[in-house]
Amino acid sequence: MLRLIKTTTLLSIALLAMTFGANASAKKFEELGQTPPLGWNSWNTFACDVNEKLIREMADAMVASGMKDAGYEYINIDDCWHGERDKDGKIQVNKERFPSGMKALADYVHSKGLKIGIYSDAGNTTCAGYPGSRGHEYQDALTYAEWGIDYLKYDWCDTENINPIGAYTTMRDALHTAGRPVLFSICEWGDNKPWDWAKDVGHAWRTTGDIYPCWDCELNHGSWSSWGVLPILDKQEKLRKFAGPGHWNDMDMMEVGNGMTEAQDRSHFSLWAIMNSPLIAGNDLRNMSDTTRKILTNKNVIAINQDKLGVQAMKYIHGGDLMVFAKPLANKEWAFLFLNRGNTPLNYTHDWLHYYELKDDIFNYQIDFRNEKFNWVDLWKGNKGDTTKPLKLKIPAHDVVMLKLTPR
Ligand code: GLA
């Protein structure tokens, strides 16, 4: 009997220890991603053509272009940096592309006051066919910590029969156990509704398939599609309630400077900003035009994205080609975005006193424009006005007007 009790007690202690032990490490780095991450990623422009020289030059350009001053922080290497695993299973870099090794590259990026990100995949292979982290999660997390990695984008190719919650939680725990703070960016394209389960797993989750630099298009690749700005925007419907500080809806890396018109780029940037998406540039920072640079470094628009309240914009009005978004900000301020989705200029007069009631039922913010008066400033043009007079807008095709409202 005594023996039985002892065995049972010991077993319970062991079980308790396992439970508490697991819980102790079972978390993400809570302090990271309190505002959406700002950075650059190699994929949209360079795909697999990555190497250490390119990454160093991009870190230099992030500083020289004023992007670092505007708040950008991460230099992220996407797919294809990988070599093979060595005899102990440790992942190696591709030695031709990264002859100095990842640690030296991370040191270089850090020496510029920036942070460095890397990419892996929950399956056996990445989307480009390089070694994934399946079965090597703890080992890879230790390797990343040893290299000085600050951000991990974790993809979802080659994952047949893998449970997504389990796979992403395993990598989260591995990163946490390795001990170096790493922002964990979940990339499973919204296939498994990460907004339902990833709040405590990652700092951001992709909500859609891959982006493509076009306004309103779908690029069909057979088994999957890439999407333009408007289709990605429309797929965010109903997701705002899931996002907040430390867990963002990721609308994918930006295509600003990658071939769309200036108006389309401005709209793309403004939308990603007001929707609290991570702002990860995807263009070649070394030779961007002044127009592109000015869009990416608009500090007033970035401030809307980085507002401490962390509340994603809501769709306020949608009629024909016009969409109006409203985002509550800290200090009782608001951001408004008027978007012309259409191919012709749009004349629109917004009478604040006609649409006097604005209610955010999810996060409980509201305005009654009859009683509350605001000054507004146009965040792209600098014009000023107030909400006592109707706002007369002429919005060019595919363009936006973005305002910040401050109580008078
Ligand atoms: C997937 C991701 C992309 C990119 C590629 C790399 O398609 O969604 O963002 O990382 O893989 O192969």
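Residues numbered from 1 in each chain as written. Predicted model: local features only at pLDDT ≥ 70, side-chain atom pairs only at ≥ 80, totals over all residues. Heavy atoms only, no water.

**Q** Explain unusual backbone geometry to me, and be specific about the residues and the numbers.
**A** Within the chain, Ala47 stands out as a residue other than glycine whose phi angle is a positive 45°. By secondary structure assignment, the location of Ala47 is in the loop between α2 (43-46) and α3 (52-64). Judged by relative accessible area, Ala47 falls into the partly exposed class, the value being 30%. With phi around 65°, Lys332 is a residue other than glycine that occupies positive phi space. Among the structural elements, Lys332 can be located in the loop between β14 (322-328) and β15 (334-340). (Helix = DSSP H or I, 4+ residues; strand = E, 2+ residues; numbered from the N terminus. Buried < 20%, exposed > 50% of the residue type's maximum accessible area, 1.4 Å probe, protein only.)

**Q** Can you tell me about the site of the ligand, naming the residues and giving the values?
**A** Around the ligand, the surrounding shell holds 13 residues, and the nearest of these are Asp78, Asp79, Lys153, Asp155 and Asp210. In this structure, an oxygen atom belonging to the ligand sits 2.7 Å away from a side-chain N or O atom of Lys153. In the model, an oxygen atom of the ligand is placed 2.8 Å from a nitrogen or oxygen of the Asp155 side chain. Taken by itself the ligand offers 310 Å² of open surface, and the protein chains cover 94% of this. (Near = heavy atom within 4 Å. Polar contact = N/O pair within 3.5 Å; in protein donor to acceptor, adjacent residues only side chain to side chain. Areas by Shrake-Rupley, 256 points an atom, 1.4 Å probe, with all protein chains shown as cover.)

**Q** Explain the state of the cysteines to me, and be specific about the residues and the numbers.
**A** Evaluation of the coordinates by the stated rule reveals 3 disulfides. The residue that forms a disulfide with Cys48 is Cys80, at a sulfur-sulfur distance of 1.8 Å. Of the two residues, Cys48 is situated in the loop between α2 and α3 and Cys80 in the loop between β2 (74-76) and β3 (82-85); the sequence distance between them amounts to 32 residues. On the basis of relative accessibility, which here comes to 24%, the residue Cys48 falls in the partly exposed class. (Disulfide = S-S within 2.5 Å.)

**Q** Account for the pattern of salt bridges, naming residues and giving values.
**A** Counted according to the given criterion, the structure contains 26 salt bridges. Here Arg56 ties to Glu52 by a salt bridge, and the two come within 2.8 Å at their closest N and O atoms. You can see Arg56 and its partner Glu52 sitting in helix α3, 4 residues apart, about one turn around the helix. Of the residues examined, Glu52 reaches a relative accessible area of 8% and is grouped as buried. (Salt bridge = Lys/Arg side-chain N within 4 Å of Asp/Glu carboxyl O.)

**Q** Any details on the pairing of strand β6 (residues 151-155)? Residues and values, ideally.
**A** Extensive coverage of β6 is indicated by the burial of 5 of its 5 residues. Neither face of β6 is exposed, since Tyr151, Lys153 and Asp155 on one face and Leu152 and Tyr154 on the opposite face are all buried. Note that the unit made of strand β5 (residues 115-121), helix α6 (residues 137-147) and β6 has a crossover that is right-handed. Pairing analysis gives 4 bridges linking β6 to strand β7 (residues 183-186), with the strands arranged parallel. By the bridge assignment for β7, Lys153 is matched with Ser185. (Right-handed = clockwise from strand over helix to strand, strands pointing away. Pairing = 2+ DSSP bridges.)

**Q** Report on the domain arrangement of the protein, specifying residues and quantitative values.
**A** When cut into domains, the protein gives domain 1 (2-305) and domain 2 (314-407). The distance between the C-alpha centroids of domain 1 and domain 2 comes to 32 Å. On the domain 2 side, the residues contacting the 25 residues of domain 1 number 24 residues. Here domain 1 and domain 2 share an interface that buries about 2,100 Å² over both sides, 67% of which is from carbon and sulfur atoms. Of all residues in domain 1, Arg240, Ile274 and Ile304 give up the largest surface area on contact with domain 2, accounting jointly for 33% of the area buried on that side. Here domain 1 is connected to domain 2 by 4 salt bridges. Secondary-structure elements contributing two or more residues to the side of domain 1 that touches domain 2 are α8 (229-234), α9 (262-274), α10 (290-296) and α11 (299-305). (Domains from an automatic or database assignment. Contact = heavy atoms within 4.5 Å. Buried area = accessible area lost by both parts, 1.4 Å probe.)

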